[in-house]
Amino acid sequence: MISRRDFLQSAMAATALYGASSYGNWARLAAQQSITQDDLLRFDTFGNVSLIHVTDIHAQLKPIYFREPSINLGVGDNRGALPHITGADFRKAYGIADGSAAAYALTYDDFAALAASYGRVGGLDRVATVIDAIRAERPDALLLDGGDTWHGSYTCFHTQGQDMVNVMNALSPDAMTFHWEFTLGQDRVRDLVGGLPYAALGQNIFDAEWDEPSEDFEPYRFFERGGVKIAVIGQAFPYMPIANPGWMFPDFSFGIRDRRMQEMVDEVRAEGAELVVCLSHNGFDVDKKMAGRVQGIDVILSGHTHDALPEPVLVGETVIVASGSNGKFVSRVDLDVRDGRMMGFRHKLIPIFADVIAPQPEMTALIEAQRAPFATEMAEVIGKTAEDTTLFRRGNFNGTWDDVICDALLSEREADIALSPGVRWGPSITPGQDITREDIWNVTSMTYPNVYRTEMTGEFIHIILEDVADNLFNPDPYYQQGGDMVRTGGLGYRIDIDQPQGSRISEITLLKTGETLDPAKSYVVAGWASVNEGTEGPPIWDVVESHISKLGTVASTPNTSVKVVGA
Amino acid sequence: MNFTRRETVLLGLASVAATATGLPAFASLTDDAIAEFTGGADVGSGGITLTTPEIAENGNTVPIEVSAPGAVSIMLLADGNPRPAVATYNFGPLAASQSGSTRIRLAGTQNVIAVAKMADGTFQQAANTVKVTIGGCGG
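Residues numbered from 1 in each chain as written. Chains lettered and ligands numbered in written order. Predicted model: local features only at pLDDT ≥ 70, side-chain atom pairs only at ≥ 80, totals over all residues.

Counting secondary structure elements, chain B contains two helices and eight strands. Helices and strands appear in chain B in the N-to-C order α-α-β-β-β-β-β-β-β-β. Taking all 139 residues of chain B together, the buried fraction comes to 45%. Expressed as a percentage of contacts within chain B between residues at least 6 apart in sequence, the contacts between residues at least 24 apart total 69%. (Helix = DSSP H or I, 4+ residues; strand = E, 2+ residues; numbered from the N terminus. Buried ≥ 20, exposed ≤ 12 C-beta atoms within 10 Å, placed from the backbone. Contact = placed C-beta atoms within 7 Å.)

Okay, the overall build of chain A next. Each helix and strand in chain A was counted, giving 18 helices and 26 strands. A compact globule built from 567 residues should have a C-alpha radius of gyration of about 24 Å, and chain A, at 23 Å, falls within 12% of that. Overall size of chain A, expressed as C-alpha extent along the three principal axes, is 70 × 60 × 45 Å. Counting only residues that meet the buried cut, chain A has 59% of its 567 residues in that class. (Rg over C-alpha atoms; globule rule 2.2 N^0.38 Å.)

Residue and element names in this part refer to chain A. Among the residues making up helix H3 (residues 87-94), those that are buried are Phe90, Arg91 and Tyr94. When H3 is viewed along its axis, its buried side chains cluster within an angular range of 95 degrees and face the same direction. Residues Asp89 and Lys92 are exposed on H3 and point more than 90 degrees away from its buried face. Downstream of H3 by one or two residues, glycine 95 has phi in the positive range, about 65 degrees. (Arc of directions from axis to C-beta.)

This part covers the sheet that holds strand E7 (residues 220-225) of chain A. All names here are of chain A. In spatial order, the strands read E7-E8-E10-E11-E13-E12; together these six strands make up an open sheet with mixed pairing. The open sheet terminates on both sides in strands that have one partner only, identified here as E7 and strand E12 (313-315). The mean inter-strand angle of the sheet, taken between neighbouring strand axes irrespective of direction, is 25 degrees. As defined by bridge partners, E7 adjoins strand E8 (residues 228-235) across six bridges and the pair is classed as antiparallel. Across the sheet, phenylalanine 223 pairs through a bridge with isoleucine 230, a residue of E8. (Pairing = 2+ DSSP bridges. Axes fitted to C-alpha atoms, helices over the stretch in contact; angles between N-to-C directions.)

Once that is clear, we can look at the environment of Leu106(B). Among the structural elements, Leu106(B) can be located in the loop between strand E6 (99-104) and strand E7 (110-118). Not counting residues up to four positions away in its chain, the partners in contact with Leu106(B) are Ala56(B), Gly59(B), Val62(B), Ala78(B), Gly80(B), Asn81(B), Val130(B) and Val132(B).

This part is about the nonpolar core. Residue and element names in this part refer to chain A. With 198 residues, the main nonpolar core has Val232 and Ile233 as its most contacted residues. Ranked by residue count, the leading element in this core is helix H17 (residues 458-473), at nine residues. Counting residues domain by domain, this core receives three or more from each of domain 1 (4-369) and domain 2 (380-565). (Core = buried A, V, L, I, M, F, W, Y, C linked by C-beta atoms within 7 Å. Domains from an automatic or database assignment.)

Each regular strand displays side chains that alternate between the two surfaces of the sheet. Residue and element names in this part refer to chain A. Alternating positions in strand E17 (residues 417-420) separate into two faces, Ile417 and Leu419 on one and Ala418 and Ser420 on the other, with burial throughout. The sheet contact formed by E17 and strand E24 (residues 522-527) spans three bridges and is parallel. Each residue of the ladder has a partner; that of alanine 418, found in E24, is alanine 526. In this sheet, strand E20 (residues 487-489) lies alongside E17 in antiparallel orientation, the contact comprising three bridges. Bridged to serine 420 within E20 is arginine 487.

Another aspect to go through is the sheet that holds strand E15 (residues 341-351) of chain A. Residue and element names in this part refer to chain A. Across the sheet, six strands lie side by side as E4-E3-E2-E1-E14-E15; this open sheet has mixed pairing. Strand pairing shows two members of the sheet lacking a second neighbour, strand E4 (199-200) and E15, which therefore form its edges. With two bridges connecting them, strand E3 (residues 175-176) and E4 associate as parallel partners. Residue pairing across strands places methionine 176 opposite alanine 200, the latter belonging to E4.

Take unusual backbone geometry next. All names here are of chain A. The omega torsion of the bond from leucine 82 to proline 83 falls at 5 degrees, within 30 degrees of zero and hence cis. Tracing the chain through its elements places proline 83 in the loop between strand E1 (49-54) and H3. For alanine 59, which is not glycine, the phi torsion reads 65 degrees and is therefore positive. Phi angles above zero are rare outside glycine, and glutamate 414 is one such case at about 50 degrees. Secondary-structure assignment places glutamate 414 in the loop between helix H15 (400-412) and E17.

So, on to the pairing of E7(B). All names here are of chain B. Of all the nine residues making up E7, seven are buried; the element is thus mostly covered by neighbouring parts of the structure. As paired strands, strand E4 (residues 71-78) and E7 are joined by seven bridges and run antiparallel to one another. Residue pairing across strands places serine 73 opposite lysine 117, the latter belonging to E7. Where E7 and strand E8 (residues 123-130) come together, eight bridges link them in antiparallel fashion. When the bridges of E8 are listed, asparagine 111 appears paired with threonine 129. The turn joining E7 and E8, which pair antiparallel and follow one another in sequence, is formed by four residues; a positive phi near 90 degrees is taken by glycine 121.

On to the confidence of the model for chain B, then. All names here are of chain B. Chain-level statistics for chain B give a pLDDT mean of 83 and a share of 78% at 70 or above. Segment residues 1-23: pLDDT under 50, and 43 contacts once partners within four positions in sequence are set aside and those in other chains are kept. Reported confidences for the modelled complex are a pTM of 0.92 and an ipTM of 0.87. (pLDDT = per-residue confidence, 0-100.)

All names here are of chain A. On domain assignment, one finds that chain A holds domain 1 (4-369) and domain 2 (380-565). Taken together, the 41 residues of domain 1 in the interface contact 32 residues of domain 2. Elements represented by at least two residues in the side of domain 1 that touches domain 2 include exactly helix H5 (111-118), helix H7 (154-158), helix H10 (240-243) and helix H12 (284-293). The class makeup of the residues in the side of domain 1 that touches domain 2 is 21 nonpolar, 15 polar and five charged. (Nonpolar A, V, L, I, M, F, W, Y, C, P; charged D, E, K, R; others polar.)

Residue and element names in this part refer to chain A. Two numbers describe how helix H8 (residues 162-171) lies on helix H13 (residues 361-371): the axes approach to 10 Å, and their chain directions differ by 170 degrees. Between H8 and H13, the crossing angle belongs to the class labelled roughly antiparallel. Only Met363, Leu366, Ile367 and Gln370 of H13 make contact with H8, whose side of the interface consists of Asp163, Asn166, Val167 and Ala170. (Parallel < 35°, antiparallel > 145°, perpendicular 65-115°, else oblique.)

Quick look at the packing of helix H6 (residues 124-137) of chain A against H13(A) now. How two helices pack is summed up by the angle between their axes together with the distance between the axes. Residue and element names in this part refer to chain A. Two elements in contact, H6 and H13, have axes separated by 8 Å at closest approach and are oriented at 150 degrees. Classified by the interaxial angle, the pair formed by H6 and H13 is roughly antiparallel. Like other packed secondary-structure pairs, H6 and H13 cross with a definite hand, here right-handed. On the side of H6, the interface is formed by Leu124, Asp125 and Ala128, while H13 contributes Met363, Thr364 and Ile367. Taken together, the residues of the contact of H6 with H13 sort by class into four nonpolar, one polar and one charged. (Left-handed = near helix turned anticlockwise from the far one by under 90°.)

Moving on, we come to the environment of Gln203(A). As for its placement among the helices and strands, Gln203(A) is situated in the loop between E4 and strand E5 (206-207). Contact partners of Gln203(A), with chain neighbours within four places excluded, come to Pro219(A), Tyr220(A), Ile233(A), Gly234(A), Gln235(A), Arg257(A), Arg260(A), Met261(A) and Met264(A).

Written as structure tokens, this is what we have:
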């Protein structure tokens, strides 16, 4: 008798073949400049259940450019492991041809040139077309949103997430979990969650006072699809009050809580679940570790770290799917569930090429209706990029967008040193492109945007760098928060990622004088996105807008201020 | 500006002070307390479950929970606090369960340790690292 493990492994091989052939196919079609919607959607419907996963949309309603990272280091057991490969290594791992559509979607090289050929990605009206097409083949497919949906744009900020709720409701998801949503403040979150026509899930969302499961969120919900009893268990971002301002949602506590996750899996299995899906905002490495500790999860739909993987990663018998960010990808996972168990799967990471996939007209109209009240302010052109400059953020250290933001902090706030958060959201701007107010908000929008200006000692700056570095490079994923390294302006340093906290950072240099930072001396520091209540200063988008309007044309120069060791 | 980061800054400083030496500053006090509790007996590692957050949401009030079925006594320690002793739970023969939970203050990143004395006189130990961080920028 063939075991479930054999089934999964053969299914994995089938997926690999399928994935490779479909990716290779893109490359060939792209070479002929004839990539079509049918090519992107082609999928041999498999088994009896379909899952559709979107995550980390960050309120990007419209098509955008999004450059994937050139540096995404793994540490400990994850050194060099998926998803911690980039560029040529990534293409080699999946058999993706240089210069192909898949290379453009998944890797960073030649980004500006490929962006000119392949155009923008994402747009929820294109996502709607893809979801409609999958539902045409499998009418009862489950649509699951991994969260970071109600955050990240001009309209989302000004409507306190209402624009995204309206648009997502039209897509009719079955369930959602959460992260940045909580930065709308707990009252607004309760309002919006209370009105959702689908499940708001998080087994790890607790009442902070009583340390009991929150009454505002369900741990899981059952669905009956294709004759299969499916349990979807939610896992919200575990480190909300640490990575984001806890004072905005003081009633809530989070954490990984993997023992409770095991209890929930056991509970749903006892109630007859034949398929257990975890809709997670843990981040990929945390999900991998959790999959090895919690028994009985069939599929983890992974979000938070914005990784896009053309094939799932298997941990034991758990399939982990990573679906990118900013509306750039939709994952489809078809499953064969028989005799109360998952017997095989087929998967496709569908890139949303905005010029190839037709927008769904009703959704286009709905999106425009959300944007109309703000259209004039958003469209104002503040500056443009130079012909050799791409602005991007993703990567473990400063992206070019971060450099622009740090320069704005230094010059507009007359500071020695700038600190900017290492978040992973924010679309890219291609060479010679106008930079609108909307573009600036896309990389700065948040509910705690104030730019502080303060003095910090050299010693304290060192402590901050060490602290953030450990949140990224601690060898145990459960101690990582999933962002990237804090971005710095006016400051250079050396980082050895393999050292323990307190010993990673050295050679901290004040760039304007070339001097080594004196631990006892105070320096003027400007930064934003402080998690502390009562932070004062102008919002970051005004500071960046003022800087860019003075520059007119934004040109980036290679940033060599961070020396990375141990990569 | 009002730099309200002050409190977290102090926590951060404590954290670095503790980790910079490579060993928790008060480790020997902890070792002494464990030696006193066990009378120097060997300590095993099964049959005791210690639940702590991996990263504290607030270092001033960290929820911890310990359970050791069959224990007569469980001692809790925080090895990076100036006074590592947290609590010792004693269970009588009629106790329905041998578990306890409380909230503790942690001066910085450190190990929380639970040692259980079992009914047969053997000892079991569990330890978890709890990280206390400045925090800031999640993706």
